[in-house]
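# Chain and residue survey
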Amino acid sequence: TPSNGVRNVSNVGSLCGSNSGTIKNCFAHNVTLNGENYVGGLIGEMLAGTVENCGFNGKIKSSFSIANSGGLCGKIGSGNNKCSFINCFAAFDNDGQTWNNANAFGGLVGDVVQNAVLAVKNCYAFPQVKIGSNCDYVNYFVGHDYNSVIDDPNRVFESCYCYDNAFGNGFRPK
């Protein structure tokens, strides 16, 4: 269980907290992640690299609030670096908690910086989390993307899905 029971825990993931390399063929089963910022089922913060054929099944918990977090990855980005997730999944819940303070939370990815180059292909999320009333940027795929360009070639989502009816009240699909 990656956790230390302390508030304001950042960069938490079942495979690693921060990644700039290649991770293949890994699966984290029945893992409980505890954190508040940059929490991802697989990777807390992805600076560059590729995650392929990986999965997360478990719980994402927070003692107070959750931000910049998601099923596969909490935060994507560092300048113009390329990040990709291929053939990955995340199936998780928040252990019956209701997140009343949730910001930039996505079924796949929580937060993407403006100049990041992101490709997510053949990935899915099955989040079963309860979202309360004080929430912003909570969405199926990406919680918050700082790039507002429609059809940006630097953002590729191909054959991805998030099960609907996955989130509680306060959820606004995008």
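A quick note: this is a predicted structure, and the numbers were derived from the prediction, not measured. (Residues numbered from 1 in each chain as written. Predicted model: local features only at pLDDT ≥ 70, side-chain atom pairs only at ≥ 80, totals over all residues. Heavy atoms only, no water.)

Moving on to the sheet that holds strand E2 (residues 16-19). Strand order across the open sheet formed by five strands is E2-E6-E10-E13-E16, with parallel pairing between neighbours. Looking at which strands have only one partner, the edges of the open sheet turn out to be E2 and strand E16 (142-145). Adjacent strand axes in the sheet meet at a mean angle of 10° when their direction is disregarded. Relative to strand E6 (residues 43-46), E2 is paired through three bridges, and the arrangement is parallel. Its bridge partner being in E6, Cys16 is matched across the sheet by Ile43. (Pairing = 2+ DSSP bridges. Helix = DSSP H or I, 4+ residues; strand = E, 2+ residues; numbered from the N terminus. Axes fitted to C-alpha atoms, helices over the stretch in contact; angles between N-to-C directions.)

Looking at the element boundaries, Ala104 is found in strand E12 (residues 89-106). Not counting chain neighbours up to four residues away, the residues in contact with Ala104 comprise Ala67, Asn68, Ser69, Gly110, Asp111, Asp136, Tyr137, Gly143 and His144. (Contact = heavy atoms within 4.5 Å.)

With four bridges joining them, strand E7 (residues 49-52) and strand E11 (residues 82-86) adopt parallel strand pairing. Residue pairing across strands places Glu52 opposite Ile86, the latter belonging to E11. Relative to strand E14 (residues 117-121), E11 is paired through five bridges, and the arrangement is parallel. If you follow Phe85 over to E14, its bridge partner there is Val120.

Spatial ordering of the open sheet is given by E3-E7-E11-E14-E17, a layout of five strands whose pairing is parallel. Each having just a single partner strand, strand E3 (22-24) and strand E17 (155-158) make up the two edges of the open sheet. Between one strand and the next, the sheet's axes are offset by a mean angle of 5°, whatever the strand orientation.

Leu42, Ile43, Val51, Phe56, Ile76 and Phe85 are the most contacted members of the largest nonpolar core, which totals 44 residues. Sequence-distant contacts of Ile43, defined by excluding residues within four places in its chain, comprise Val12, Gly13, Leu15, Cys16, Gly17, Asn19, Ile23, Val51, Leu72, Cys73, Gly74 and Phe85. (Core = buried A, V, L, I, M, F, W, Y, C linked by side-chain atoms within 4.5 Å. Buried < 20%, exposed > 50% of the residue type's maximum accessible area, 1.4 Å probe, protein only.)

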